[in-house]
Amino acid sequence: MKNFKSLFSISAVCLFVLAAGCSDYLNINTDPNNPTEAPLSGLMTNVTFETSQGVYSLGSITSYYVQYLASPNPASPTDIQDAVSYGDTWFTFYDVLTDLAVLRQKAKEEGATEYLGVAKILTALNLATVVDVWGDVPYSEAFFVETLTPAYDDDQQLYNTIFELLDGGIADLQAGNSTVDLGEDDFIYQGDTDKWLRLGYMLKARYLNHLSKTANYDAVAVLAAVDNGFLNNDDDAQVNYFEAYRNPWANVAIDNAGLVLGGWLSEQVVNHMNGTTYGVFDPRIEAFTDTTDSGTYVGTRNGDGRGDAPPAGARSVLTVNTFYAAETAPILIATYAEQKFIEAEAAFRANQQTRAYNAYLAGIEAHMDKMGVDEAAKDAYLTDPAVAVGAANLTLDHIFKEKYTAMFLHPEAWVDARRYDYQYQGMEVPENLNPQLDGQFIRRLRYPDSETQRNSENVPDVTLLDRIWWDQN
Amino acid sequence: MTKLIRGTVGLIALLFMTAINLQAQQRTITGMVTDAESGNTLPGVNVFVRGTTVGTSTDANGRYELTVPADADTLTFTFIGFEQHHELINNRTVIDVALQPSVETFGEVVVTALGIEQQQRSLGYAVEKIDSEELTAAGDQNIVSAIQGRVAGVQVTNTGGAPGSSSRIIIRGYSSLDPGANNQPLFVVDGIPISNTTIASDDTPRSLSNRAIDINPNDIASVSVLKGAAAAALYGVRAANGAIIITTKKGQAGDVAINFKNSVGFDRVNSYPNFQRVYGQGFSGVHDPNSFWPNWGPKISEVRANINPDWRYYEIWRDAFQTGVKIDNSVSVSGGSQLATYYGSVSNLMHEGVIPFSDFNRTTVRFTGAIHPSDNLSISSSVNFINSGGNRVPADRFMERLMYWAPNKDVTDYMKDNGTMKGYYNDGGSGTNPIYDARFSTYEDNVNRVIGYTNLNYNFTDWLSASYRFGIDYYSDQRTNITPGPSGIAGENALSSTGFIREYRINSRDITSTINLMIQQDITEKLSAELLLGNDIFDRNFNQVNAFGNDFVTPNFYNLSNVRDISTSQYLSKRRLVGVYGDLMLNYGDFLYLDITARNDWSSTLPEENRSFFYPSASLGFVFSDIVDLPEFFSFGKFRASYAQVGKDAEPYSTGITFTAPAQYPLNGQVGYTRNQTIGSPNLLPEITTSVELGTNLRFLEGRIGFDFTWYKANSADQILTVPISNATGGTRLITNAGEIENRGIELQLNLTPVQTADFLWDMSLNYSRNRSEVLSIREGLETIFLGSQFGYSTGDASMYLVKGEPFGNIYGSSYARYYPEGEAPEDPLYVDKDAPILIGPDGFPVVNTDQLVLGNALPDWIGGIYNQLSYKNVTLSFLINIQWGMDVYSQYDNFFTAFGITEITLDRNEFRVFEGVTADGQPNTQRVWLGQGVGPDGVDYGAGFYRNTYRGVTENFVKDASFIKLRNIKFAYSLPASILQKIPFRNVTASVSATNLILYTPFDGFDPESRSGPAGSNAIGFTGLDHPGVASLIFSLDFSL
């Protein structure tokens, strides 16, 4: 027994030594792979870049709904407006909204008002984009892991938040006492805060104009915002893509050229521009797609697939030769052309026919300039009687028709389509339409599986025909 | 299948008969058998003529009478618990013998924690041992698969039949709920823990290996399975799920022994679904040889008659696979003297899979030596070098491409003359051929690994000894993943529009250091004690560097310098553990054993203030048969009980919020940062499992019947979980302490020796176990925890969740809506109600309920194994039947099969049906609807048809009973008899033929119900994926020794 006792005391001493000495040996749990802090500039680079990715991600869905694109395969889920879980798109937006929340916090702490203002404007932009397709979404309890099941805020309330963010961002940018200057880390305007300020107003005009179906609609307020908005195409909010990282539409075009089919133009948009529907050839189609092997433009009927057509040569598709799908093409986030059509619509609704007509023509011209249409072709189109209808004859149909062309591939086009109740000339529900839609057009996206699986208590129970608050009958 | 069972039973019966009929009668010998020690007579002793089956056994008075052939020269006496005895007859007619008791009555020795050899009778917890012969019987190359079906409470799941693919082993259920948590036991080879990680590919599942595959099964002498926390407490956190203790072969003092083992095996897919062979390419019943849709066209026979006389059906699912071949050779040399012993081996395995161009190769070299320079000191050392790897064809992609492939095109005609791919439509210009893809889009791993140790033992006195062991497990894993881009030939059907090359360089180094001090003391005459004190240190360093290159400049030249776009990434990880422990073993009168352990661990992965944690265990073994008077037939009885705790730490870097630069940067000289999606917790606690175990071991008829029963309950609390959370929280995953799971179960083991004669021996063992789990709590604020999901078309996907009060393993998904009369509701709103009538919508089709309901459970109700070994003279027949019963699986295959019209179930596509069910008003449905696509004969437009509109979107259709009874292996071996061996220079020559993995019964219609596509490390276990089909093997072996 004596042996036991002495051994116990030896081991007790050993333990003591170990406890003291092993602390350093075990202090190795600082992550060597990821830093615990990120610089303002790194966050700015990512939020500007990812905002453009979000526009693409959502545009790659909504472009089927508004029939810019059509699947080469019959009954393809997005094409026939199935209830698809777009978790990646949801993630893209919440990821950038989280980084924006971190950026706002950090910019505020550091007194970097330029960063703070830009962050608020981008938050408004991304939040509005999310609300416009999903309606009620988490915001007030989101981003800082305070709860694991953030509540869904009412979509109408969130519109108030969006306007507060825009006003706040405008005020921060006007304050002009930033401790850190924005620069090349900003992939949208490379640090030009005047342009950011004008984007703030342009977006205000866009989201005020979304309310056209509601009692809250105020055309004068829209026009007031427009007055402080973009001055010309140079103000366009866009991210130019890179040699080292291609425009995502270029990937679609390259895959399609490699017969991984995608990026096929819908019959609707092709007929819209090639003279079939309106009797006038729109030269911008040359910037949208190449001619087919037969030297013409041939679209594909939504939901129907390509039928007997071969996989290449017979139908109009996105290619890397086009404006939107070139390898280093910009992703357009908000454009002067769009602003002109907003102005035209608001002025029209405010019974300012002349302003509306001038803005309508200026919108077409701005977009044609963007597409690099030559003067002769531009004049020919702008003077065609189907286009140059005169201020007195201008209708909302004309404005929506031309805006539809100018918003090619952009998710705003789906907002317009719903505000306009899909009344575009020639537009019909796709073949093989999702039977749940009962013959009607889709009105919202289904909440993604990631939400129904992880936040099931809060996810609203909706169908694809339930409308976003501003989309009233 | 039943034929096979019947055949097996018949064979056994036949062997019986032969044994009985072989008796010949010449002269009679009588006598009495006694116990040499006590002088008591011994009843039931087996008495045989040596070298024959002529025999009998002694009666109640120890007497026997045996008629023997004239030429008989020796009698053999065998009795459990006594040494075998041979007696020359020498013309005697009365032969009395006294048998010597064997040294260790029921004294089977097992190796437990820290390599301590303990008598099984002393243990207060369940340990099971498998010896080398059983392990290698089936020719498994993966030690984990070799354990399958042999041990109660142990579930082994193969991830398919790909060469070198991983196998998952789970002991007594899932204790950690985290989707990625390690629930597998620790693997310990000669006292050195080794890595059994499966490093999965970062894209699609690729059947990569679990690292225990690097151990050559032929080097193994025995395996002990430590099931409970009590057994594993001394290995600390890494053995919280139990431990697999592997003891390798060592040299013996004496002659040099050289053993050769050679085998060649052939694999084939063991089961196929029932494919429809009627309809071909096209959509909406319209023939279109250029359609993407492989099976929604018109009848193939109609197309042949009216449109294209060459239109035919190919068995693409059979054509795409080949016969796999595996060749396994190994040689070992062992020997030694009193001073030193050695064992050396070299082995090579080459395995080509059933999927073309998939393979796995393994070469191992091992040397173990021990020297005893003095009576007090012994030193042993071992080094094991392994090279392994192969081309890992992703079964998921292979099978998916077969899904899309039109059965009207020959899938084996995969390449054009110019070397480019031939697709299945547009004259080969579209569609990916799976075989072309398997051949040219490669993913090769190449592992070089060294496992080594040195062990010093020193006896200070007869009561005090010390040992020190230092072990290292180092491996580098180089992986190269290449997908070619276009080769530049006009009109080619390229695998990728750009092509890419991905290089992975993985280095992992584990060091373990263990010091033990052992003291033995007799305290009183009856009470003795052993005390073990120790310290161990574990240190892991992991470093992975990846380089991804996209877009080849020069076609068909695969080098990182030949790409337009390159990006790199790195992952570093360190983990250190320090443990101090003590183990006090008390033995009272060799019938009562008490074992108390205590351990404290310090882990680097936990926050400093929570880093240290202590856990104890106590176990009691009571051999009551030694002190209680039991009936004669009751030979041995033991009762055991234990209580134990064991802790688990976290993965490294689980305690903070970090930022990361996504892979696309730098762009324009700028690097963007985003907050990491995985959010750590700064105050993580260790996870603690507390377990209680009760058991008994009973043996009857001198051990010819052995019975072992265990009941256990284990509660794992403060689970460290990576909880998937709503993206809106600011992350996608949160690492947190959340919840508790309880696992409880029973294990039964029955060992029988139904026949035991000199020439004929029949050993049989049966095991049965069941485990039940319940999630007792999860994190506050969370109703459910999402474990994982698998894609299904439309709303036909499946998910696994953890829900409070529910078992682990539930599979959730959409179902057919059920009808309830006003005021009535389903019994349990969480479960699909199969008894309620299906609700039929106004369109005449069943209504889909997309609420996530429980549709089944992926864990078996029970598992069992039946092992039989029958030896007659030089012939041995052994077989192992493995049963996993009452388990469900989500069959992603069936979702795809119906979405694409591939299997027989879709043959009614052009028929009318009145769906059974009731309409919203409660009346039976009477509406007749057409199941086809487009406008039906009734003029109604049915769009994409029933299977695409409705059926594929109902998860309930695809959650299926995946129970199975398998003949895990059957082996027939013949050894040359001694009379021949004497004339040739061999000690032993054995030839055998075996077959493995034959499905005897399963209600599952499809490929092998056992296969799962996920890697062994994943806990989302209820999905088949488009997994690698299971394979059956036929193996021919030739073993000989010099």
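### Thoughts on the overall build of chain B
- For chain B, the helix and strand inventory stands at 11 helices and 55 strands.
- For a compact globule of 1042 residues, the expected C-alpha radius of gyration is about 31 Å, and chain B comes in at 32 Å, within 12% of that figure.
- Judged by the C-alpha coordinates and their principal axes, chain B covers about 100 × 70 × 70 Å.
- Sorting the 1042 residues of chain B into buried and exposed places 50% on the buried side.
- Restricting to contacts in chain B with at least 6 residues of sequence separation, those with at least 24 account for 68%.

### Focus on the overall build of chain A
- Counting its secondary structure elements, chain A contains 16 helices and two strands.
- Overall, the C-alpha framework of chain A stretches about 110 × 55 × 45 Å when taken along its three principal axes.
- The buried share among the 473 residues of chain A stands at 54%.

### Here's the deal with the confidence of the model for chain A
- On average, chain A scores 93 in pLDDT, and the residues at 70 or more come to 95%.
- This stretch, residues 1-14 of chain A, has a pLDDT under 50; its non-local contacts, to residues over four places away or in other chains, come to six contacts.

### Brief notes about unusual backbone geometry
Residue and element names in this part refer to chain B.
- At the junction of Y665 and P666, the peptide bond is cis and its omega measures out at 0° in the coordinates.
- With respect to the helices and strands, the residue P666 is situated in the loop between β32 (659-660) and β33 (674-675).
- In this model, D551 sits at a positive phi of 75°, which is unusual for a non-glycine residue.
- Positionally, D551 belongs in strand β27 (residues 527-552).

### A closer look at the pairing of strand β53 (residues 964-975) of chain B
Residues and elements named next belong to chain B.
- Pairing between strand β47 (residues 875-885) and β53: 10 bridges, direction antiparallel. Within the sheet, the bridge partner assigned to N882 lies in β53 and is K966.
- In this structure, β53 lies alongside strand β54 (residues 988-1001), joined through 10 bridges in antiparallel fashion. Across the sheet, the residue bridging to Y974 is A991, located in β54.

### Section: the interface of chain A and chain B
- Each partner contributes to the interface: chain A provides 67 residues, whereas chain B provides 64 residues.
- Taken together, the elements giving at least two residues each to the side of chain A that touches chain B come down to α1 (2-26), α2 (40-65), α3 (87-110), α8 (248-257) and α16 (449-454) of chain A.
- Top element by residues in the side of chain A that touches chain B is α1 of chain A. It accounts for nine residues.
- The residue inventory of the side of chain A that touches chain B, partitioned by class, reads 36 nonpolar, 19 polar and 12 charged.

### Some thoughts on the sheet that holds strand β13 (residues 186-189) of chain B
Residue and element names in this part refer to chain B.
- Read across the sheet, five strands follow the order β10-β15-β16-β13-β14 without closing on themselves; strand pairing throughout is mixed. On the outer flanks of this sheet lie β10 (127-131) and β14 (192-194), each paired with one strand and no other. In this sheet, adjacent strand axes meet at a mean angle of 25° when their direction is disregarded.
- Of the strand pairs in this sheet, β13 and strand β16 (residues 243-248) are connected by four bridges, and their pairing is parallel.

### Let's talk about the nonpolar core
- Core analysis: the largest hydrophobic core is formed by 137 residues, its most contacted members being L103, Y115 and W249 of chain A.
- Broken down by element, the residue count for this core peaks at 14 residues, all from helix α4 (residues 113-134) of chain A.
- Not counting the four nearest positions on each side in its chain, Y115 of chain A is found in contact with L40, M44, L103, A107, V180 and L182 of chain A.
- If you look at the next biggest cluster of nonpolar residues, it comprises 101 residues, including F538, L787, I811 and V889 of chain B.

### Considering the confidence of the model for chain B
Residues and elements named next belong to chain B.
- Looking at chain B as a whole, its pLDDT mean stands at 87, while 94% of the residues score no less than 70.
- Counted against residues more than four places away or in other chains, residues 1-25, with its pLDDT under 50, gives 21 contacts.
- Under the prediction, the complex receives an ipTM of 0.91, its pTM being 0.78.

### Description of the sheet that holds strand β37 (residues 720-724) of chain B
All names here are of chain B.
- Pairing in this open sheet of three strands is mixed, and the strands run β34-β38-β37 from one edge to the other. Looking along the sheet, the strands with just one partner apiece sit at the ends: β34 (678-679) and β37.
- Note that β37 and strand β38 (residues 733-737) share five bridges and pair antiparallel. Bridge assignment links P724 to a residue of β38, and that residue is R733.

### Observations regarding the pairing of strand β21 (residues 340-352) of chain B
All names here are of chain B.
- Strand direction decides the pairing type here: strand β20 (residues 324-336) and β21, joined by 12 bridges, are antiparallel. By the bridge assignment for β21, K326 is matched with H351.
- The turn linking β20 back onto β21 is made up of three residues.
- Alignment of β21 against strand β22 (residues 359-371), held across 13 bridges, turns out to be antiparallel. Note on β22: the bridge partner recorded for N348 is T363.
- Taken together, β21 and the strand that follows it, β22, pair antiparallel across an intervening segment of six residues, in which F357 is found at a positive phi of about 70°.

### What to know about helix α15 (residues 412-419) of chain A
- α15 of chain A sits mainly inside the fold: eight of its eight residues count as buried.
- In the stretch just after α15 of chain A, D421 of chain A is the one whose phi turns positive, near 55°.

### Notes on the environment of N393 of chain A
All names here are of chain A.
- Looking at the secondary structure, you find N393 in the loop between α13 (375-383) and α14 (396-406).
- On the basis of neighbour counts, which here come to 11 C-beta atoms within 10 Å, the residue N393 falls in the exposed class.
- C-alpha of N393 to C-alpha of Q353: the two residues are 40 residues apart in sequence and 9.0 Å apart in space.

### Details of the environment of G844 of chain B
Residue and element names in this part refer to chain B.
- Examined against the element boundaries, G844 turns out to sit in the loop between β44 (839-840) and β45 (848-857).
- When the C-alpha positions of G844 and G739 are compared, they lie 45 Å apart, and in sequence the two are 105 residues distant.
- Beyond its immediate sequence surroundings of up to four residues, G844 is in contact with F915, Q927 and V929.

### A word on the packing of α4 of chain A against helix α5 (residues 155-175) of chain A
Residues and elements named next belong to chain A.
- Relative to each other, α4 and α5 sit at 160°, their axes nearing to 8 Å. The orientation of α4 relative to α5 falls into the category roughly antiparallel. Considering how the two elements wind past one another, α4 and α5 form a crossing that is left-handed. The residues of α5 that touch α4, namely those facing T113, E114, L116, G117, V118, K120, I121, T123, A124, L127, A128 and V131, are D155, L158, Y159, T161, I162, L165, L166, G168, G169, D172, L173 and A175.
- Taken together, the residues that form the contact of α4 with α5 break down as 14 nonpolar, six polar and four charged.

### Remarks on the packing of α2 of chain A against α4 of chain A
Residue and element names in this part refer to chain A.
- Where α2 contacts α4, the two axes come as close as 11 Å, and the packing angle between them is 25°. Judged on the interaxial angle alone, α4 and α2 are roughly parallel. Crossing handedness for the pair α2 and α4: left-handed. On the side of α2, the interface is formed by L40, M44, V47, T51, G54 and L58, while α4 contributes Y115, L122, L125, N126, T129 and V133.
- Across the contact of α2 with α4, the residue classes tally to eight nonpolar, four polar and no charged.

### So, α5 of chain A
All names here are of chain A.
- Look at α5: 30 Å from first C-alpha to last across 21 residues, which is about the 30 Å you get at 1.5 Å a residue.
- Residues of α5 that are buried include every one of D155, L158, Y159, I162, L165, L166, G169, I170, D172 and L173, and no others. Take α5 and look down its axis: the buried residues cluster within an arc of 165°, on one side only. Summarising the geometry of α5, the exposed residues directed more than 90 degrees from the buried face are N160, E164 and Q174.
- Following α5 by one or two positions, G176 adopts a phi angle in the positive range, close to 65°.

### Remarks on the environment of L584 of chain B
Residues and elements named next belong to chain B.
- Locating L584 in the fold gives a position in strand β28 (residues 563-588).
- Judged by the 17 C-beta atoms lying within 10 Å of it, L584 falls in the partly exposed class.
- Each C-alpha atom, one on L584 and one on A529, is 7.1 Å from the other, the two residues being 55 residues apart in sequence.
- Discounting chain neighbours no more than four positions away, the residues touching L584 are A529, L531 and I596.

What counts, and where the lines are drawn
- Residues numbered from 1 in each chain as written.
- Chains lettered and ligands numbered in written order.
- Predicted model: local features only at pLDDT ≥ 70, side-chain atom pairs only at ≥ 80, totals over all residues.
- Helix = DSSP H or I, 4+ residues; strand = E, 2+ residues; numbered from the N terminus.
- Rg over C-alpha atoms; globule rule 2.2 N^0.38 Å.
- Buried ≥ 20, exposed ≤ 12 C-beta atoms within 10 Å, placed from the backbone.
- Contact = placed C-beta atoms within 7 Å.
- pLDDT = per-residue confidence, 0-100.
- Pairing = 2+ DSSP bridges.
- Nonpolar A, V, L, I, M, F, W, Y, C, P; charged D, E, K, R; others polar.
- Axes fitted to C-alpha atoms, helices over the stretch in contact; angles between N-to-C directions.
- Core = buried A, V, L, I, M, F, W, Y, C linked by C-beta atoms within 7 Å.
- Parallel < 35°, antiparallel > 145°, perpendicular 65-115°, else oblique.
- Left-handed = near helix turned anticlockwise from the far one by under 90°.
- Expected span 1.5 Å × (residues − 1).
- Arc of directions from axis to C-beta.

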